[in-house]
Amino acid sequence: MGKFKIFIIEDDTWYAEILEYNLALNPEYEIEKFATGREAIKNLYKNPSVITLDYGLEDMNGAEVLNKIKELYPDLPVVIISSQEDVGVALNLLKKGAYDYIIKNEETKDRLWKTMINIRNHQELKDEHEELKKEVKNKYKAQTSIIGESPAMKHVFQM
């Protein structure tokens, strides 16, 4: 699958370093950190595989950043990592398309690792599914599977 690009959007420099350190233990992960939501949004053209997003940023809140990301890249997985423990906030973000919501505590590292594995597995299955669809479509084209030159068959092929 190659490099798996992760954007970390976290305004707490120390916490961003911890996340980067833990994720960088996997050599296939390429990590880029951003301190603001606006800075990260400007860099979405770099096509990250996944984004970790702090809910409490200084320039924008997590819901605003999530909305903008989903508007531009609806299928891009966004994992919220926050000290915000309000269940209503978490549910709202999940309804808006967040892949997961992880509370900052002693279990964050393990949860984040499992979430990244799940995202990669899901992406691999999705890629495999697309490849199989292409193969089936190419193998079973009506023009190559059905033999016939009559005007009626030519009409069927056009349809």
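Let me sum up the structure you'll find in this document. These figures come from a predicted structure and were not determined experimentally.

Section: the overall build of the chain
So, point 1. A tally of helices and strands in the chain yields 7 helices and 5 strands.
So, point 2. Each helix and strand of the chain, ordered N terminal to C terminal, gives the series β-α-β-α-β-α-β-α-β-α-α-α.
So, point 3. With the C-alpha coordinates aligned to their principal axes, the bounding extent of the chain is approximately 70 × 30 × 30 Å.
So, point 4. The buried share of the chain, taken over its 159 residues, is 36%.
So, point 5. Counted over contacts in the chain with a minimum sequence separation of 6, partners at least 24 positions apart contribute 61%.
So, point 6. Of the roughly 10000 Å² that the chain leaves accessible, carbon and sulfur atoms contribute 53%.
So, point 7. Side chains of the chain give 22 positive and 28 negative charges; the mean places of these two sets differ by 8 Å.

A short note on unusual backbone geometry
So, point 1. With phi around 55°, Asn47 is a residue other than glycine that occupies positive phi space.
So, point 2. Inspection of the secondary structure assignment puts Asn47 in the loop between helix H2 (37-42) and strand E3 (50-53).
So, point 3. A residue is classified by how much of its surface remains accessible, and Asn47, at 52% relative accessible area, is exposed.

Focus on the pattern of salt bridges
So, point 1. Evaluated as defined, the whole model comprises 11 salt bridges.
So, point 2. Of the charged contacts, one joins Glu17 and Lys33 as a salt bridge, the two residues approaching to 2.7 Å between their closest N and O atoms. Of the two residues, Glu17 sits in helix H1 (residues 13-23) while Lys33 sits in strand E2 (residues 29-34), which places them 16 residues apart along the sequence.
So, point 3. According to the relative accessible area criterion, Lys33 is partly exposed, its value standing at 29%.

Examining the packing of aromatic side chains
The geometry of an aromatic ring pair is captured by the separation of the ring centres together with the interplanar angle, meaning the angle of the planes.
So, point 1. Overall, the coordinates contain 4 aromatic pairs when judged by the stated rule.
So, point 2. A centroid spacing of 5.4 Å and a plane angle of 40° characterise the contact between Phe4 and Tyr29, whose relative ring orientation is tilted. Of this pair, Phe4 sits in strand E1 (residues 4-9) while Tyr29 sits in strand E2, and the two are 25 residues apart along the sequence.
So, point 3. On the accessibility criterion, Tyr29 (7% relative accessible area) is buried.
So, point 4. Three or more aromatic residues joined by ring pairs form one cluster here, namely Phe4, Tyr29 and Trp113.

Focus on the environment of Thr13
So, point 1. For Thr13, the location among the structural elements is in helix H1.
So, point 2. Considering only alpha carbons, one finds Thr13 and Glu107, 94 residues apart in sequence, at a separation of 20 Å.

Digging into the nonpolar core
So, point 1. Among the nonpolar cores identified, the biggest contains 23 residues, and Ile9, Ile51, Leu53, Val65, Ile69, Ile80 and Leu93 are the most heavily contacted of them.
So, point 2. Those elements giving two or more residues to this core turn out to be E1, H2, E3, helix H3 (62-72), strand E4 (78-82) and helix H4 (87-95).
So, point 3. Among the elements that take part in this core, H3 stands out by supplying 4 residues, more than any other.
So, point 4. In this structure Leu93 touches Tyr55, Gly62, Ala63, Leu66, Ile80, Ala98 and Tyr101, once residues within four positions along its chain are discounted.
So, point 5. By size, the runner-up hydrophobic cluster in this structure holds 16 residues, among which are Ile6, Ala16, Leu112 and Ile119.

Quick notes on a nonpolar patch on the surface
So, point 1. On the surface, Tyr45, Leu72 and Tyr73 cluster together to form a nonpolar patch covering roughly 320 Å² of accessible area.
So, point 2. Note on placement: Tyr73 falls in the loop between H3 and E4.
So, point 3. For Tyr73, a relative accessible area of 31% translates into the label partly exposed.

What counts, and at which threshold
Residues numbered from 1 in each chain as written. Predicted model: local features only at pLDDT ≥ 70, side-chain atom pairs only at ≥ 80, totals over all residues. Heavy atoms only, no water. Helix = DSSP H or I, 4+ residues; strand = E, 2+ residues; numbered from the N terminus. Buried < 20%, exposed > 50% of the residue type's maximum accessible area, 1.4 Å probe, protein only. Contact = heavy atoms within 4.5 Å. Areas by Shrake-Rupley, 256 points an atom, 1.4 Å probe, with all protein chains shown as cover. Lys, Arg positive; Asp, Glu negative; His and termini not counted. Charge placed at Lys NZ, Arg CZ, Asp CG, Glu CD. Salt bridge = Lys/Arg side-chain N within 4 Å of Asp/Glu carboxyl O. Phe/Tyr/Trp six-rings, centres within 6.5 Å; stacked < 30°, edge-to-face > 60°. Core = buried A, V, L, I, M, F, W, Y, C linked by side-chain atoms within 4.5 Å. Patch = residues over 30% accessible without salt bridge, like charges linked within 9 Å, V, L, I, M, F, W, Y side chains within 5 Å.

These figures capture arrangement, not role.
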